[in-house]
Each structure stands twice: as structure tokens, then as C-alpha cells.
Amino acid sequence: MISVKNNPIETRLAEVREELGNLKSFPDSEFIGIIKELGFRCELCARCCTKEFNDHVFLLDSDLEIIKQIDPDAVTPAPYYEFCDQNGRFYVSGYALKTKHDGSCIFLENKRCRIYGSRPSICRVYPHMLHREADETGKVDWRQISGLNEHGSYHSELDDSTCEAIAQETRAYEEAYLVQMIGFLEAVQEHFRKNNLKHVQRTYDRKMREFLKGECELEVLVYCRGGFEMQKPRAGSDR
């Protein structure tokens, strides 16, 4: 039996399950108080819709269904593939929105979202978030907002009902993301077990170097609706 210590999938599963438990036990009152104290209001600068401020827009399965109805070609495998087996096939936890050549979201036009009413979940809660991550010193703690002082206005007066709604929607997104991540990890674990596969970091690094140089094509299994979809992205295919 492979120990958790030597199995990156088991290790990540344990971390994500712990994260979900921590999230569920985080007091609503504390998060609501943070939201109220920050008093964030959007100024329609559209900075959050560009790669300069956000790396990518990850799609939950529920988001993916909506986006595919609007434009099936607007999605691409999320970047930063989590695993690569010994045969050089990659695995990633979901899809993301494509971006234009200037790094802006595919749905951004004249600093306005073309699908605002149907925008993905992460766009709805941004910049609020509720998860634990390491800071620049390596200390792991709760992070409640992204891009602080980089966009929008702060210390606005928000009523209690608005703060409660933000807290509930943000928590719902974070929980759904972690549940999807657990499903992905369990699916990879079962797929590896059935097919006698394992994650090989050296293969991952070699294939990525070749891919970025245009020397090979990648096969990526994207987790979606409880299973995997095969994709063959090209270098720069997020655009």
C-alpha cells in the first residue's frame, strides 16, 4: 500500500477535505463582519477581467453548462494541470474561460461583460473569497478578499442584508469548488488504480518543456460532470 506521504493524490485529497471542514466551521458572523468592514464597491474598472489582475476564470460544472450554451468555444482546459501519468497524459480539475490576445476575458467588450447576467460563479463573488492559503512568508491563514487596494473602492456603507448575501454566495462558491476538487482527485485516484498509472513529476516537466517549445501535442483529461473529457490544447490555446 502506498503511503499518503508518498502519494501526491492522497496528500492533496487529505488537504482539500481538511479545507472543506475548515470552511464549514468558519463562523458566518466573522465573515460578515469582515465584508462589512471592507465595504467593497465595484467601480466598473474591469481590471479583474484581465490577466494582469487575475490569472484565469475557473468554471464550476454549473458554470460550464451555462457558458457552453452561450459559446461552446469560449472554454479551455484550466491551466496548471495537476497530474501527469507515466505515459505523458495530463489531468486537470476543470475548464476555464479563454482570454483574448491582450489578456482580457473573451466576454469583455469596452470594459463591460457581455454575459453579465450569466457570468460564472467566481465572477459573481469576486473579490470576496473564503479559503486558506500561504502568504509570502509561508504562513497559512484565511484570505477573504483578492486584489485589496488594486481596484474598486473600500469602506463603503453596506447594510447587513447585503453583507449576509455576499457571505452566503461566497461560501457556496468555495464549498462547490472544494467539492468539485475532491471529485476530481477521487476520479484521478480511481483511474490510476484501474489502469496501473501514477503521477510522474519528471514526465510532467519534460512534456511541458516540449509543449511550450512547440515540439509536441498534449493530451489532457479534463474533469467534467464526474468524468473526464479528452482535450488536445495547443500552446497559447487559452486564447
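Up top you'll find the structure we're talking about.
Residues numbered from 1 in each chain as written. Predicted model: local features only at pLDDT ≥ 70, side-chain atom pairs only at ≥ 80, totals over all residues. Heavy atoms only, no water.

**Some thoughts on the pairing of strand β11 (residues 227-231)**
Each regular strand shows side chains that alternate between the opposite faces of the sheet.
Line of reasoning, step 1. In terms of strand pairing, strand β10 (residues 220-224) meets β11 through five bridges, oriented antiparallel. When the sheet's bridge partners are listed, Cys224 is paired in β11 with Gly227.
Line of reasoning, step 2. Connecting the antiparallel pair β10 and β11 is a turn made up of two residues, with Arg225 showing a positive phi of about 50°. (Pairing = 2+ DSSP bridges. Helix = DSSP H or I, 4+ residues; strand = E, 2+ residues; numbered from the N terminus.)

**A short note on the environment of Lys198**
Line of reasoning, step 1. Along the chain, Lys198 turns up in the loop between α5 (160-195) and α6 (201-212).
Line of reasoning, step 2. For Lys198, a relative accessible area of 51% gives the class exposed.
Line of reasoning, step 3. Residues Lys198 and Thr50 lie 148 residues apart in sequence; the distance between their C-alpha atoms is 35 Å. (Buried < 20%, exposed > 50% of the residue type's maximum accessible area, 1.4 Å probe, protein only.)

**With respect to the sheet that holds strand β5 (residues 95-97)**
Line of reasoning, step 1. In spatial order, the strands read β1-β5-β2; together these three strands make up an open sheet with antiparallel pairing. Looking along the sheet, the strands with just one partner apiece sit at the ends: β1 (58-59) and β2 (75-77).

**Concerning the environment of Asp55**
Line of reasoning, step 1. As for its placement among the helices and strands, Asp55 is situated in the loop between α2 (28-38) and β1.
Line of reasoning, step 2. You can call Asp55 partly exposed: its relative accessible area is 40%.
Line of reasoning, step 3. As for Asp55 and Tyr91, which are separated by 36 residues in sequence, their C-alpha atoms are 19 Å apart.
Line of reasoning, step 4. Those residues in contact with Asp55, other than ones at most four positions away along the chain, are Pro79 and Tyr80.
Line of reasoning, step 5. Side-chain polar atoms of Asp55 contact the side chain of His56, separated by 3.1 Å.
Line of reasoning, step 6. Reaching out from Asp55, the side chain makes a polar contact with the side chain of Tyr80 at a distance of 2.7 Å. (Contact = heavy atoms within 4.5 Å. Polar contact = N/O pair within 3.5 Å; in protein donor to acceptor, adjacent residues only side chain to side chain.)

**Re the pattern of salt bridges**
Line of reasoning, step 1. Within the structure shown, the criterion is met by 14 salt bridges.
Line of reasoning, step 2. Notably, a salt bridge pairs Asp28 with Arg171, separated by 2.9 Å at the nearest N-O pair. Of the two residues, Asp28 is situated in helix α2 and Arg171 in helix α5; the sequence distance between them amounts to 143 residues.
Line of reasoning, step 3. Taking the relative accessible area as the measure of exposure, Asp28 reaches 44% and is therefore partly exposed.
Line of reasoning, step 4. Residues Lys36 and Asp160 are paired through a salt bridge, measuring 3.2 Å at the closest nitrogen-oxygen approach. With Lys36 in helix α2 and Asp160 in helix α5, the pair connects residues that are 124 residues apart, well separated along the chain.
Line of reasoning, step 5. Classification of Lys36 as partly exposed rests on a relative accessible area of 35%.
Line of reasoning, step 6. Judged by relative accessible area, Asp160 falls into the partly exposed class, the value being 47%. (Salt bridge = Lys/Arg side-chain N within 4 Å of Asp/Glu carboxyl O.)

**Let's talk about the sheet that holds β11**
Line of reasoning, step 1. The four strands are arranged β3-β4-β10-β11 in an open sheet whose pairing can be described as mixed. For this open sheet the edge positions go to β3 (83-84) and β11, each flanked by a neighbour on one side alone.
Line of reasoning, step 2. Bridge count between strand β4 (residues 90-92) and β10: three bridges; the pairing is parallel. Residue pairing in the sheet places Phe90 in a bridge with Val220 of β10.

**Structural notes on the pairing of β10**
Line of reasoning, step 1. Among the five residues of β10, five are classified as buried, and the element is accordingly described as predominantly covered.
Line of reasoning, step 2. Residue alternation in β10 divides its side chains into two sets, Val220, Val222 and Cys224 and Leu221 and Tyr223, and both sets are buried.

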